Amino acid sequence: DQQVKQNSPSLSVQEGRISILNCDYTNSMFDYFLWYKKYPAEGPTFLISISSIKDKNEDGRFTVFLNKSAKHLSLHIVPSQPGDSAVYFCAASALGYGNKLVFGAGTILRVKS
Amino acid sequence: IAGITQAPTSQILAAGRRMTLRCTQDMRHNAMYWYRQDLGLGLRLIHYSNTAGTTGKGEVPDGYSVSRANTDDFPLTLASAVPSQTSVYFCASRRENTGELFFGEGSRLTVL
């Protein structure tokens, strides 16, 4: 049973518009959440993170929102650019889980120009 | 700074053969990880090591073994490869103060 779920396998967005990628988790012990971006033939790279003591973290065009009661987080990219086209993985960890990251299945984002 | 270096980049292997995927980091991170990436399943943890001399099992450890003789190296061994181990394998290390993982570029393994 997947503890971190990304229910949308893919998302297509027009350049300049907002991209919203969603992630749900089931383990209430998770207290740290990260988003990773992956281009083909490359390893995943860290994008942005959020601790469970916050409900929002912003870094430039990227904002992550956390709703603990719903066990849901989302990544907003505004404005979306063609270079944002990649696979986005949501990940979660817990101090009580040895800080090992549990990843979702990923969402393929395509930004059309 | 190279970060995480993995070798080989890709390999085709006959079933039943033994294979070791190499991973080296130059960031002096204590914790290291091996993940496999499969379509629709994301990244799944195979084995991990919190510090040199210790290892632990992840989500999908069967058929794999690891060792951590020193801080820099974390090889992953398939003792007798099977077709279901066809995957892309990523090695990673973790920065202690942020929890951020740094990944290598991956090793694509095909078992026939």
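Use the structure listed above.
For clarity, every value in this text was computed on a predicted model and none was experimentally measured.

**A look at the environment of A:G60**
- Relative to the assigned elements, A:G60 resides in the loop between β6 (56–59) and β7 (62–67).
- Note: C-alpha distance between A:G60 and A:Y39 (21 residues apart in sequence) is 20 Å.

**Here we look at the sheet that holds strand β1 (residues 4–7) of chain B**
All names here are of chain B.
- Spatially, 4 strands are ordered β1-β3-β8-β7 in an open sheet, and the strand pairing comes out antiparallel. Looking at which strands have only one partner, the edges of the open sheet turn out to be β1 and β7 (64–66). Averaged over all neighbouring strand pairs, the angle between strand axes comes to 20 degrees, with direction disregarded.
- Bridging between strand β3 (residues 19–25) and strand β8 (residues 76–78) involves 3 bridges; their strand directions are antiparallel. Counterpart to T20 in the pairing with β8 is T77.

**So, the state of the cysteines**
All names here are of chain A.
- According to the stated counting rule, one finds 2 disulfides over all chains in the structure shown.
- Each sulfur in the disulfide pair C23 and C90 lies 2.0 Å from the other. Here the disulfide of C23 and C90 is left-handed, its torsion about the S-S bond being about -75 degrees. A residue pair is termed long-range when its members are at least 10 positions apart, and C23 in strand β3 (residues 19–25) and C90 in strand β9 (residues 86–93) qualify at 67 residues. Each member of the pair, C23 together with C90, is buried.

**Some thoughts on the pairing of strand β9 (residues 87–94) of chain B**
Residue and element names in this part refer to chain B.
- With 8 of 8 residues buried, β9 lies mostly within the body of the structure.
- What you see with β9 is no split at all: S87, Y89, C91 and S93 on one side and V88, F90, A92 and R94 on the other are buried throughout.
- Note that strand β4 (residues 31–38) and β9 share 7 bridges and pair antiparallel. Residue pairing in the sheet places M32 in a bridge with S93 of β9.
- Bridge count for β9 against strand β11 (residues 107–111) is 3 bridges, and the pairing is antiparallel. Bridge pairing in β11 links V88 to R108.
- In the sheet, β9 pairs with strand β10 (residues 101–103) via 3 bridges, with the strands oriented antiparallel. When the bridges of β10 are listed, S93 appears paired with F102.
- Connecting the antiparallel pair β9 and β10 is a turn made up of 6 residues, with G99 showing a positive phi of about 80 degrees.

**Structural notes on the pattern of salt bridges**
- Tallied over the full model, the rule gives 6 salt bridges over all chains.
- The closest approach of N and O atoms between B:R95 and B:E100, which form a salt bridge, is 3.6 Å.
- Residue classification places B:R95 among the partly exposed positions, given a relative accessible area of 33%.
- Since its relative accessible area comes to 11%, B:E100 is described here as buried.
- Shared partners join several salt bridges into a network, and the residues in it are A:K37, A:R61 and A:D84.

**What to know about the interface of chain B and chain A**
- Counting residues at the interface gives 18 residues for chain B, matched by 17 residues for chain A.
- Taking both partners together, chain B and chain A bury about 1400 Å²; carbon and sulfur atoms supply 60% of that area.
- Looking only at chain B, the three residues that lose the most surface to chain A are B:L43, B:E100 and B:F103, adding up to 28% of its buried area.
- Where chain B meets chain A, there are 2 residue pairs in polar contact (both at pLDDT 80 or more).
- Elements with a contribution of two residues or more to the side of chain B that touches chain A: β4, β5 (42–49), β9 and β10 of chain B.
- No other element matches the 4 residues that β5(B) contributes to the side of chain B that touches chain A.
- The residue makeup of the side of chain B that touches chain A, split by class, is 9 nonpolar, 6 polar and 3 charged.

Quick notes on the rules
Residues numbered from 1 in each chain as written. Chains lettered and ligands numbered in written order. Predicted model: local features only at pLDDT ≥ 70, side-chain atom pairs only at ≥ 80, totals over all residues. Heavy atoms only, no water. Helix = DSSP H or I, 4+ residues; strand = E, 2+ residues; numbered from the N terminus. Pairing = 2+ DSSP bridges. Axes fitted to C-alpha atoms, helices over the stretch in contact; angles between N-to-C directions. Disulfide = S-S within 2.5 Å. Buried < 20%, exposed > 50% of the residue type's maximum accessible area, 1.4 Å probe, protein only. Salt bridge = Lys/Arg side-chain N within 4 Å of Asp/Glu carboxyl O. Contact = heavy atoms within 4.5 Å. Buried area = accessible area lost by both parts, 1.4 Å probe. Polar contact = N/O pair within 3.5 Å; in protein donor to acceptor, adjacent residues only side chain to side chain. Nonpolar A, V, L, I, M, F, W, Y, C, P; charged D, E, K, R; others polar.

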